[in-house]
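# Structure assessment
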Amino acid sequence: GAVVSQHPSWVICKSGTSVKIECRSLDFQATTMFWYRQFPKQSLMLMATSNEGSKATYEQGVEKDKFLINHASLTLSTLTVTSAHPEDSSFYICSAPKLPPGGTQYFGPGTRLLVL
Amino acid sequence: SQQGEEDPQALSIQEGENATMNCSYKTSINNLQWYRQNSGRGLVHLILIRSNEREKHSGRLRVTLDTSKKSSSLLITASRAADTASYFCATDATGNQFYFGTGTSLTVIP
């Protein structure tokens, strides 16, 4: 089946640093990828839609300057948490749909970010 | 918020019993999907039901969809301890954007 990978799986950083998380579709091309955030014991919240070759679209309340998204190729999207603070500590998950639209989404294994 | 709601928030049953969890959503959808998440791990896709379908089965899973009530249910029959996890519904309204429900935490006691 389709596989989506994320790197790193774990990251611990100091407050004020920036952290980059990669999301790759391993055996299919994805013109669109999605980034979610999940706080402990809560559901996944859609943060933004990453579009290959164009700007990402952000959900209401998500700061685009704080969470930079780059969809550099048809298999790679990156999320950079800039000037991370402890409240940014969360589980970040990406997903990519395998075409056609409306089908199954394939989720990455997630990246756990801890900001000290 | 487009996030759906699930109930119950937590469910504890004995092994061998059936588990039913419900999902309600707010907008018209193309499809609804159920996912499972073990503690601190990624998501596992369980089943997809399209808006023109009313019921779907996959192994021990049975999903129903009532678009008039904007609700879905997931039934796990003959539960096992390994079914212990959080279960989320996710609605797809635009062709690819997913909005997740609040989740049901299921504990199956051996």
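Below is a summary of the structure that appears in this document. (Residues numbered from 1 in each chain as written. Chains lettered and ligands numbered in written order. Predicted model: local features only at pLDDT ≥ 70, side-chain atom pairs only at ≥ 80, totals over all residues. Heavy atoms only, no water.)

Often, the extent of an interface is quoted as the loss of accessible area on bringing the components together. With 22 residues of chain A at the contact, the number on the chain B side is 22 residues. Across the chain A to chain B interface the summed buried area is about 1,600 Å²; carbon plus sulfur atoms make up 53%. In this structure, the connection of chain A to chain B is made through three residue pairs in polar contact (both at pLDDT 80 or more). For the side of chain A that touches chain B, the elements supplying multiple residues, two or more each, are β4 (32-38), β5 (44-51), β9 (90-97) and β10 (105-107) of chain A. Of all the elements, β5 of chain A adds the most residues to the side of chain A that touches chain B, at four residues. Tallied by class, residues from the side of chain A that touches chain B come to eleven nonpolar, nine polar and two charged. (Contact = heavy atoms within 4.5 Å. Buried area = accessible area lost by both parts, 1.4 Å probe. Polar contact = N/O pair within 3.5 Å; in protein donor to acceptor, adjacent residues only side chain to side chain. Helix = DSSP H or I, 4+ residues; strand = E, 2+ residues; numbered from the N terminus. Nonpolar A, V, L, I, M, F, W, Y, C, P; charged D, E, K, R; others polar.)

This part takes up the packing of aromatic side chains. Residues and elements named next belong to chain B. What the rule picks out here adds up to ten aromatic pairs over all chains. The interplanar angle of 85 degrees and the centroid separation of 6.4 Å between the aromatic rings of Phe88 and Phe100 together place this pair among those described as edge-to-face. You can see Phe88 sitting in strand β9 (residues 85-92) and its partner Phe100 sitting in strand β10 (residues 98-100), a full twelve residues away along the chain. For the pair shown, Phe88 and Phe100 are each scored as buried. (Phe/Tyr/Trp six-rings, centres within 6.5 Å; stacked < 30°, edge-to-face > 60°. Buried < 20%, exposed > 50% of the residue type's maximum accessible area, 1.4 Å probe, protein only.)

Counting residues in each nonpolar core, the largest one holds 24 residues, and the members touching the most others are Trp35, Phe67, Leu79, Tyr92 and Leu113 of chain A. Among the secondary structure elements, those contributing two or more residues to this core are β2 (10-13), β3 (19-25), β4, β5, β7 (67-73), β8 (76-81), β9 and β11 (111-115) of chain A. One finds Ile13, Ile76, Tyr87 and Val108 of chain B within the second-largest nonpolar core, a separate group that totals 22 residues. (Core = buried A, V, L, I, M, F, W, Y, C linked by side-chain atoms within 4.5 Å.)

Next up on the list: a nonpolar patch on the surface. Taken together, Trp10, Ile12, Leu114 and Leu116 of chain A make up a surface patch of nonpolar side chains, about 450 Å² in accessible area. You can see Leu114 of chain A is positioned in strand β11. (Patch = residues over 30% accessible without salt bridge, like charges linked within 9 Å, V, L, I, M, F, W, Y side chains within 5 Å. Areas by Shrake-Rupley, 256 points an atom, 1.4 Å probe, with all protein chains shown as cover. Salt bridge = Lys/Arg side-chain N within 4 Å of Asp/Glu carboxyl O.)

Turning next to the sheet that holds strand β6 (residues 55-58) of chain B. Each strand in a sheet pairs with its neighbour through backbone hydrogen bonds, running either in the same direction (parallel) or in the opposite one (antiparallel). All names here are of chain B. Spatially, five strands are ordered β1-β3-β8-β7-β6 in an open sheet, and the strand pairing comes out antiparallel. Bordering the open sheet on either side are β1 (5-7) and β6, each of which pairs with just one other strand. Within this sheet the neighbouring strands show an average axis-to-axis angle of 15 degrees, counted without direction. Note that β6 and strand β7 (residues 61-66) share four bridges and pair antiparallel. When the sheet's bridge partners are listed, Glu55 is paired in β7 with Thr64. (Pairing = 2+ DSSP bridges. Axes fitted to C-alpha atoms, helices over the stretch in contact; angles between N-to-C directions.)

Quick look at the pairing of β4 of chain A now. All names here are of chain A. For β4, the tally of buried residues reaches seven of seven residues, placing the bulk of the element in the interior. In β4, alternate side chains face the same way, and those of Thr32, Phe34, Tyr36 and Gln38 on one face and Met33, Trp35 and Arg37 on the other are all buried. Sheet topology places β4 next to β5; seven bridges connect them, and they run antiparallel. Within β5, the position partnered with Gln38 by the bridge is Leu44. The hairpin turn running from β4 into β5, its antiparallel successor, is five residues long, and Lys41 in that turn takes a positive phi close to 60 degrees. Sheet topology places β4 next to β9; five bridges connect them, and they run antiparallel. When the bridges of β9 are listed, Trp35 appears paired with Cys94.

Residue and element names in this part refer to chain A. Along the chain, the position of His7 falls in strand β1 (residues 4-7). Since its relative accessible area comes to 53%, His7 is described here as exposed. The sequence separation of His7 and Leu68 amounts to 61 residues, and the corresponding C-alpha distance is 16 Å.

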